[in-house]
Amino acid sequence: QVYFARLDNRGQHVSAGEVHVSQRGRYPVALRSEEGNTLVAWKNGAKLQWQLFDAEDKPAGQPGSSVCATNDRPSGVVTAEGKFVLFP
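Residues numbered from 1 in each chain as written. Predicted model: local features only at pLDDT ≥ 70, side-chain atom pairs only at ≥ 80, totals over all residues. Heavy atoms only, no water.

Chemist: What's the story with the packing of aromatic side chains in this structure? I'm lost.
Modeler: The relative placement of two aromatic rings is captured by the distance of their centres and the angle of their planes. Applying the stated rule across the entire model yields one aromatic pair. Summarising the aromatic geometry, the rings of Phe 4 and Phe 53 are spaced 4.9 Å apart at their centres and angled 55° between planes, so their arrangement reads as tilted. Of this pair, Phe 4 sits in strand 1 (residues 2-4) while Phe 53 is found in strand 5 (residues 47-53), placing the two residues 49 residues apart along the sequence. The pair formed by Phe 4 and Phe 53 is uniform in burial state, with each residue classed as buried. (Phe/Tyr/Trp six-rings, centres within 6.5 Å; stacked < 30°, edge-to-face > 60°. Helix = DSSP H or I, 4+ residues; strand = E, 2+ residues; numbered from the N terminus. Buried < 20%, exposed > 50% of the residue type's maximum accessible area, 1.4 Å probe, protein only.)

Structural data, given as structure tokens:
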């Protein structure tokens, strides 16, 4: 299963706690923009899947997915413009 939580500098929860993202997945990546949005991505078999969350940790839109050519672990960055870029 995949979860995420926002923590402060002392490791204390900033949000209500852990947020359930997916029933199944491996190698999760969480990226946070300056606007407060969080993108969580993970591998599920040969697919890279992701879900965007708003600043209140609520899903923003539908989950996305893309077939991957490799089983490598994903990574990602947030650009200076605040866009998320995933590397499958």
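Chemist: Explanation requested: the pattern of salt bridges in the structure shown.
Modeler: Following the criterion strictly, the structure yields two salt bridges and no others. Across the pair Arg 6 and Asp 57 runs a salt bridge whose closest N-O atoms are separated by 3.1 Å. Highlighted residues: Arg 6 in the loop between strand 1 and strand 2 (19-22) and Asp 57 in the loop between strand 5 and strand 6 (64-67), separated in sequence by 51 residues. (Salt bridge = Lys/Arg side-chain N within 4 Å of Asp/Glu carboxyl O.)

Chemist: I keep staring at the environment of Gln 1 and nothing clicks. Help me out?
Modeler: Structurally, Gln 1 is set in the segment before strand 1. We classify Gln 1 as exposed; its relative accessible area is 52%. In this structure the C-alpha to C-alpha distance between Gln 1 and Lys 83, which are 82 residues apart in sequence, comes to 26 Å. Discounting residues that sit within four places of it in the chain, Gln 1 has contacts with His 20, Ser 22, Gln 23 and Arg 24. A polar contact of 2.8 Å, which involves the side chain of Gln 1, links it to the side chain of Tyr 3. (Contact = heavy atoms within 4.5 Å. Polar contact = N/O pair within 3.5 Å; in protein donor to acceptor, adjacent residues only side chain to side chain.)

Function cannot be inferred from these measures alone, as they are strictly geometric.
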